[in-house]
Amino acid sequence: MNDQAPTPITDQIANLPLPVIIAVIAGATFFRFVFKKTDHPIARGISDLCDTCAFVLALAFLIIRPFVAQAFYIPTESMVNTLLVNDRLVVDRISYRLGKPMRGDIIVFDAPPTATSGKKLDFIKRCVAIEGDTI
């Protein structure tokens, strides 16, 4: 039996795969050019909306999510007392490019494939040791 809570739709959208995002941006750009050719005010409004959506999606999913920050959802009780089930957090992706994690930091990392039956999952855990420590 699966004891994990279902992932909310907002978190599913926030973690859409890159090909889906690129397809949506390409579709919005296509519709922008189709509607921009007409002089009708509603068509011009749709063209502007498609342009804005393509820009926002590109900014959020192609720049901010991979390089700056990413949203995560806590589906299980593995970090209770610190992070509760159904908590949401935004993780800074820049800090560990500039320095190493410190003892006590909460880190997000790709789960080992052996721990997840080959599925790609993220683990959120507290760093209890750093380089050079013996556990």
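Residues numbered from 1 in each chain as written. Predicted model: local features only at pLDDT ≥ 70, side-chain atom pairs only at ≥ 80, totals over all residues. Heavy atoms only, no water.

1. Re the overall build of the protein
In terms of helices and strands, the protein carries four helices and four strands. Along the chain direction, N to C, the helices and strands of the protein fall in the order α-α-α-β-β-α-β-β. For 135 residues, the compact-globule formula gives about 14 Å, and the C-alpha radius of gyration of the protein, at 20 Å, lies well above that figure. Taking the principal axes of the C-alpha coordinates as reference, the protein spans close to 70 × 40 × 25 Å. The 135 residues of the protein split such that 18% are buried. Across the protein, every contact between residues at least 6 apart in sequence was considered, and the portion connecting residues at least 24 apart equals 46%. Carbon and sulfur atoms make up 65% of the accessible area of the protein, which totals about 9900 Å². (Helix = DSSP H or I, 4+ residues; strand = E, 2+ residues; numbered from the N terminus. Rg over C-alpha atoms; globule rule 2.2 N^0.38 Å. Buried < 20%, exposed > 50% of the residue type's maximum accessible area, 1.4 Å probe, protein only. Contact = heavy atoms within 4.5 Å. Areas by Shrake-Rupley, 256 points an atom, 1.4 Å probe, with all protein chains shown as cover.)

2. A few points about the pattern of salt bridges
A side chain with one charge can pair with a side chain of the opposite charge if their charged atoms come near. All chains considered together, the criterion is met by three salt bridges. For Arg32, the salt bridge goes to Asp51, with nearest N and O atoms at 3.3 Å. With Arg32 in helix H2 (residues 18-36) and Asp51 in helix H3 (residues 41-67), this residue pair connects regions lying 19 residues apart in the sequence. Glu131 is the salt-bridge partner of Lys100, the closest N and O atoms lying 2.8 Å from each other. Within this pair, whereas Lys100 is found in the loop between helix H4 (95-98) and strand E3 (106-110), its partner Glu131 is found in the segment after strand E4 (122-126), the two being separated by 31 residues in sequence. Of the two residues, Lys100 and Glu131, both sit in the exposed class. (Salt bridge = Lys/Arg side-chain N within 4 Å of Asp/Glu carboxyl O.)

3. Re H2
Residues three or four positions apart in an α-helix share a direction because the helix packs 3.6 residues into each turn. Its 19 residues place the ends of H2 27 Å apart at the C-alpha level, agreeing with the 27 Å of an ideal helix rising 1.5 Å per residue. Taken together, the buried residues of H2 touch H3. (Expected span 1.5 Å × (residues − 1).)

4. Quick look at H3
Its 27 residues place the ends of H3 38 Å apart at the C-alpha level, agreeing with the 39 Å of an ideal helix rising 1.5 Å per residue. Of all the bends in H3, the greatest, near 25 degrees, is centred on Ala60. Those residues of H3 lying buried are Ala43, Ser47, Cys50, Ala54, Phe61 and Arg65. Buried residues in H3 make contact with helix H1 (9-14), H2 and strand E1 (69-73). (Bend = angle between axes of the 7 residues up to and from the residue.)

5. A few points about the pairing of strand E2 (residues 88-92)
Consecutive side chains of a regular strand alternate in pointing toward one face of the sheet and then the other. Across the two faces of E2 the burial differs, with Leu89 and Val91 buried and Arg88, Val90 and Asp92 not buried at all. Relative to E2, E1 runs antiparallel, the two being bridged by five bridges. By the bridge assignment, Phe72 is partnered in E2 with Leu89. (Pairing = 2+ DSSP bridges.)

6. Section: the confidence of the model for the protein
When pLDDT drops low, the exact placement of atoms in the prediction is not to be read closely. On average, the protein scores 86 in pLDDT, and the residues at 70 or more come to 95%. Confidence, read as mean pLDDT per element, is least for H1 in the protein (78) and greatest for H2 (92). (pLDDT = per-residue confidence, 0-100.)

7. What to know about the nonpolar core
Of all hydrophobic cores here, the largest spans seven residues; its members are Phe72, Ile74, Met79, Leu83, Leu89, Val91 and Ile124. Excluding residues that lie within four positions of it along the chain, Leu83 makes contacts with Ile74, Leu89, Ile106 and Ile124. Counting six residues, the second largest nonpolar core, distinct from the first, contains Ile21, Ile25, Cys50 and Ala54. (Core = buried A, V, L, I, M, F, W, Y, C linked by side-chain atoms within 4.5 Å.)

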